[in-house]
Amino acid sequence: AHVSENEDLEAGAEGRTLWHGRFADGPAEELLAYTVSLPYDRRLAPDDIAGSRAHVRGLVRGGILDGPEASAVLAALDQVEEELSGGTFAFAPSDEDIHTAVERRVTELAGDAGAKLHTGRSRNDQVATDLRLFIDAEQGTMREFLAPVRRTHISCFNVFPKHLALGSLRASRRLRVVWIETVC
C-alpha cells in the first residue's frame, strides 16, 4: 500500500527506518537484522561528527544554513559527541547506523535546522568520508601492528636475496615491482 508524501517525511518521527519509503508495511525483521550495521559502525561516531561539522560549514557557504541555524546544529553535534563519549547517548530502534543515529539526535536537539544536516550528501558520501577519517587516524596503530610482519619479511629477503618476489601493480603486467619494495 502506498503512503502519502507527508507520511513518508514523518517516517523517522514514527520510529520507522529513514528509508522506509512509500509502502505502508516495512521490511521483514529478518532483513532488518541482516542489514543492521550500528553495532559495527559505532566506532565511526567521532569521524561522523567531524564530517558533519565540516558539512555544516559547507551548508553555510552554500546558503542552506544561516548563522543561527549553523550554531544550533554545531551545538547539537557537540552535545551528541558528549553523549556518545559519555555513554549516555540513547539509540533508537530506528537507528540503522551511526549516521542515522547522529542525524536523528541532532534534529531532536536543533529542530528544523538539524533536519538540514543531510542536505546535499548521500549516505555513501558519509560512509566514504567517515572511513577515510577513521583510516587516517588508525594508520599509526596499523603500522605498529604490522611492524613485526614487516621485519620478518625484510629478514627473509635479506637471507634469500635471489628469491625476491616479483609482482605487478594493478592490472599492468608490464610494470614489474619487487614485492619487498612495495611492502617496506
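What follows is about the environment of Ala 101. Structurally, Ala 101 is set in helix 6 (residues 98-110). For the pair Ala 101 and Ala 45, spaced 56 residues apart in the sequence, the C-alpha separation amounts to 9.4 Å. Excluding residues that lie within four positions of it along the chain, Ala 101 makes contacts with Phe 89, Phe 91 and Asp 95.

Within the secondary structure, Asp 95 is located in the loop between helix 5 (67-86) and helix 6. There is a polar contact of 2.7 Å between the side chain of Asp 95 and the backbone nitrogen of Ala 92. One polar contact links Asp 95 to Arg 104, side chain to side chain, over a distance of 2.8 Å. The contact partners of Asp 95, leaving out residues within four places of it in the chain, are Leu 38, Thr 100, Ala 101 and Arg 104.

Detailed reading of the predicted coordinates is not advisable wherever pLDDT is low. Mean pLDDT over the protein: 80, with 74% of residues reaching 70 or higher. Looking at the elements of the protein, mean pLDDT is at its lowest for helix 1 (residues 5-9), recorded as 36, and at its highest for helix 5, recorded as 97.

The rules behind each value
- Residues numbered from 1 in each chain as written.
- Predicted model: local features only at pLDDT ≥ 70, side-chain atom pairs only at ≥ 80, totals over all residues.
- Heavy atoms only, no water.
- Helix = DSSP H or I, 4+ residues; strand = E, 2+ residues; numbered from the N terminus.
- Contact = heavy atoms within 4.5 Å.
- Polar contact = N/O pair within 3.5 Å; in protein donor to acceptor, adjacent residues only side chain to side chain.
- pLDDT = per-residue confidence, 0-100.

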